[in-house]
Amino acid sequence: MKALKVIYTIWFREYKTFMREKGRIVAMIGQPLLYLLILGKGITAGMSLKGSSDVDYLRFMYPGIIGMSILFTSIFSSISIIWDREFGFLKEVLVAPVPRWAVAVGKCFGGATIAMIQSVILIVMAPLVGISLSVLMIVELLILSFLISFAVTSLGVIIASRMQSMQSFQMVMNFLVMPLYFLSGAMFPMSSAPTWMKPLMMADPLTYGVDALRNVVFSETMIVVAGNVQQPLVEVARTAGLIRWSLSFDVAVMTASAMLLAVAGAWVFSKSN
Amino acid sequence: MPEIIRVESLVKKFGEFTAVAGIDFNIEAGEIFGFLGPNGAGKTTTIKILATLLKPTSGKATLAGYDVLTHPNEVRQSIGMVFQDQSLDDRLTAEENLWFHAMLYDVPNSVFTERMEQVLKLVDLGDRRSSLVRTFSGGMKRRLEIARGLLHHPRVLFLDEPTLGLDPQTRNAIWHHVRRLRDEVGTTVFMTTHYMDEAENCDHIAIIDHGKIQAVDTPAALKRMIGGDKVIVGGVGSDADLEKDLAAKYNVEVQKVDSEFHFQMQSGAEFVPRVVSDFSGRVRSIQIKQPSLEDVFLRLTGHAIRQQEGSAIDAMRQGVQLWRSGGRR
Ligand SMILES: Nc1ncnc2c1ncn2[C@@H]1O[C@H](COP(=O)(O)OP(=O)(O)O)[C@@H](O)[C@H]1O
Ligand SMILES: [Mg+2]
């Protein structure tokens, strides 16, 4: 009971302070718009996917951009542990008669909630890239966003708990977050990656998150393929190797990763403070 | 009065460095107990051990009957803490900061509003409850932290350098609130300071230097220990022998502080004419003073307390604060 109350309290503060940061909200809207614009008008012009000319690059990238936004938003949320340490608020939490693991879990829920808000912003942009939406799909996307973000925020909590300064956190992030993103299949499909890179991509939990996002995002869209035939985008993408696993497999892997990372995050946070 | 804090042979080492070198003291329920010592004396370290934030290297400490090592949760529930450095969330309002605290300390919703009114009134912040803490002055933040520390009705309130860096008016106001708290609520207050004049407000003072307690007593008793008045003699020019000659002539221990010579005499006032005639031409000034805690400290430790305002950490925090307010908001 006490632990639930603590989780709720920490979550509520994360949410409240987030809502007060207008700059962050503006960035959450502006950043994906910018990416879509650059990719849509720039990269797409000179890019086509090997062996899957029917799926244009922008449509391929859209789930990846959702994944990326969740990744960055979640990592940013976990930085709040370092802010709290630097500005003293963490002491107020640490001296309170509460289990520390619950504090860490509250942080993870907070990060996941903010990432869901980020996802909503992106889902609203779907028609811009030629993706059709349905209510079921939106619900599925929100659940996936939560799951992915919970995992990534937990990872961030593990790192932030061990970092003493903002600078060292940013260093680690550059060495970790960018590879996590590039290896997730968000920018290029695993089928076109060199053989040595494939095991690395398989080991990146985000790979399954992005695969799940594609499974869901492509599910409602019909595209015209050679010979003027209408086909579901999800089928075309699967045949072309852009989607590798089933949604349930992806979700199972993501859930397991999220649980594992959350437990590790709670443990590291308790031990290191 | 029963003892609410007991500390026995407490030691804290950071690697090779001994920050707290075996201290013993007891604090009675309902008193204001002060830790007086220079920066680096081990005051904060001791408080952190009592608040279960640091584990002692050896020794024992109990608070409200609970051992800090074996019952950390009970200890935490029994204390209110005002840290040396700020620990509010300045993106939240005063009320939200208090709500957060109430949730963590299990103050029921039904009494929260009433308690909040109470503690805010105690520190005169009732009308600012819905303002963001970011808009508060340093003194207001301190007062809010004191209010927050009281919200769950702790048995002991820890105040680590509560008046550091505040202007004299705010310092007085904070002292006023602390005394009111002790008188009206009966909370035991454990505070640290390196301001000598402030320590006078405490019921008991422990003088701490280099991790060791040099004396524990009431301010009055500590000053009596000095014995008599303090005589301060200023020499003419740079009279190198004056220190030696004063000591020899009156058989006293002379301490050179800045360019003046300090020593103790039973009745200072009658003594002035004697010095003037004994050292005519060599003495520029003579002052007689009641002994202060400063003198007690000097006597006990052999050196004056350094009044360093703002440590390196403060400077760093300020730098980050600037960066943060420029970059993040
Ligand atoms: N975490 C730490 N690691 C190493 N040394 C420390 C640590 N915390 C405090 N110290 C050292 O212990 C001594 C006592 O510090 P502290 O208790 O903060 O003094 P005070 O509060 O009396 O100014 C100082 O010399 C300080 O540098
Ligand atoms: Mg200190």
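Residues numbered from 1 in each chain as written. Chains lettered and ligands numbered in written order. Predicted model: local features only at pLDDT ≥ 70, side-chain atom pairs only at ≥ 80, totals over all residues. Heavy atoms only, no water.

1. A few points about the interface of chain B and chain A
Part 1: Contact with chain B, which involves 33 residues of that partner, is made by 28 residues of chain A.
Part 2: Where chain B abuts chain A, roughly 3000 Å² becomes buried across the two surfaces, and 61% of that area is made up of carbon and sulfur atoms.
Part 3: Our enumeration of links across chain B and chain A arrives at seven salt bridges.
Part 4: Note that E96 of chain B is salt-bridged to R20 of chain A, the shortest N-O span being 2.7 Å.
Part 5: Put simply, chain B and chain A have 10 residue pairs in polar contact (both at pLDDT 80 or more) between them.
Part 6: Those elements that provide at least two residues to the side of chain B that touches chain A are α2 (72-78), β6 (79-82), α3 (94-104) and α12 (312-327) of chain B.
Part 7: If you tally residues by element for the side of chain B that touches chain A, the top one is α3 of chain B, at seven residues. (Contact = heavy atoms within 4.5 Å. Buried area = accessible area lost by both parts, 1.4 Å probe. Salt bridge = Lys/Arg side-chain N within 4 Å of Asp/Glu carboxyl O. Polar contact = N/O pair within 3.5 Å; in protein donor to acceptor, adjacent residues only side chain to side chain. Helix = DSSP H or I, 4+ residues; strand = E, 2+ residues; numbered from the N terminus.)

2. As for the coordination of the magnesium ion (ligand 2)
Residues and elements named next belong to chain B.
Part 1: Surrounding the magnesium ion (ligand 2) are the protein donor atoms T44 (OG1) and Q84 (OE1), which sit 1.9 to 2.2 Å from the metal. Of the two residues, T44 is situated in helix α1 (residues 43-50) and Q84 in the loop between β6 and α3; the sequence distance between them amounts to 40 residues.
Part 2: With a relative accessible area of 23%, T44 lands in the partly exposed category. (Donors = N, O, S within 2.8 Å, 3.2 Å for Na, K, Ca; no water. Buried < 20%, exposed > 50% of the residue type's maximum accessible area, 1.4 Å probe, protein only.)

3. A look at the side chain of H262 of chain B
Part 1: In this fold, H262 of chain B is placed in strand β13 (residues 260-265).
Part 2: For H262 of chain B, the residues in contact, after removing those within four places along its chain, are K230, V231, I232, E253, V254, Q255 and V257 of chain B.

4. Quick look at the pattern of salt bridges
Part 1: In the structure shown here, the tally under the stated rule is 27 salt bridges over all chains.
Part 2: In this structure, K107 of chain A engages E14 of chain A in a salt bridge whose closest nitrogen and oxygen atoms are separated by 2.6 Å. Taken together, the residues span a long stretch of sequence, with K107 of chain A in helix α5 (residues 100-124) and E14 of chain A in helix α1 (residues 2-20) at a distance of 93 residues. Exposure class is identical for K107 of chain A and E14 of chain A. Each is buried.
Part 3: A single network of salt bridges, built from pairs that share partners, joins R13, E14, E21, D84 and K107 of chain A together with D89 and R91 of chain B.

5. Some words on the site of ligand 1
Residue and element names in this part refer to chain B.
Part 1: F14, F17, A19, P38, N39, G40, A41, G42, K43, T44 and T45 make up every residue found near ligand 1.
Part 2: Backbone polar atom of A41 to an oxygen atom of ligand 1: 3.2 Å apart, as the coordinates give it.
Part 3: Within the side chain of T44, an N or O atom sits 2.6 Å from an oxygen atom of ligand 1.
Part 4: For ligand 1, whose free accessible area comes to 560 Å², the fraction covered by protein is 60%.
Part 5: Breaking the shell around ligand 1 down by element, the ones donating at least two residues are β2 (17-28) and α1.
Part 6: Partitioning the shell around ligand 1 into residue classes produces five nonpolar, five polar and one charged. (Near = heavy atom within 4 Å. Areas by Shrake-Rupley, 256 points an atom, 1.4 Å probe, with all protein chains shown as cover. Nonpolar A, V, L, I, M, F, W, Y, C, P; charged D, E, K, R; others polar.)

6. Digging into the packing of aromatic side chains
Part 1: Applying the stated rule across the entire model yields 27 aromatic pairs over all chains.
Part 2: Aromatic side chains F35 of chain B and F190 of chain B sit 5.1 Å apart centroid to centroid with 70 degrees between the ring planes, which places their arrangement in the edge-to-face category. Of this pair, F35 of chain B sits in strand β3 (residues 32-36) while F190 of chain B sits in strand β8 (residues 188-193), placing them 155 residues apart in sequence.
Part 3: We classify F35 of chain B as buried; its relative accessible area is 0%.
Part 4: Look at F190 of chain B and you get buried, because its relative accessible area is 0%.
Part 5: Members of the aromatic cluster, connected to one another through ring pairs, are Y8, W11, F12 and Y15 of chain A together with W99 of chain B.
Part 6: Over the ring of W245 of chain A we find R244 of chain A; its NZ or CZ atom is 5.7 Å from the centre of that ring.
Part 7: Over the ring of Y195 of chain B we find R171 of chain B; its NZ or CZ atom is 3.8 Å from the centre of that ring. (Phe/Tyr/Trp six-rings, centres within 6.5 Å; stacked < 30°, edge-to-face > 60°. Lys NZ or Arg CZ within 6 Å of the ring centre and 35° of its normal.)

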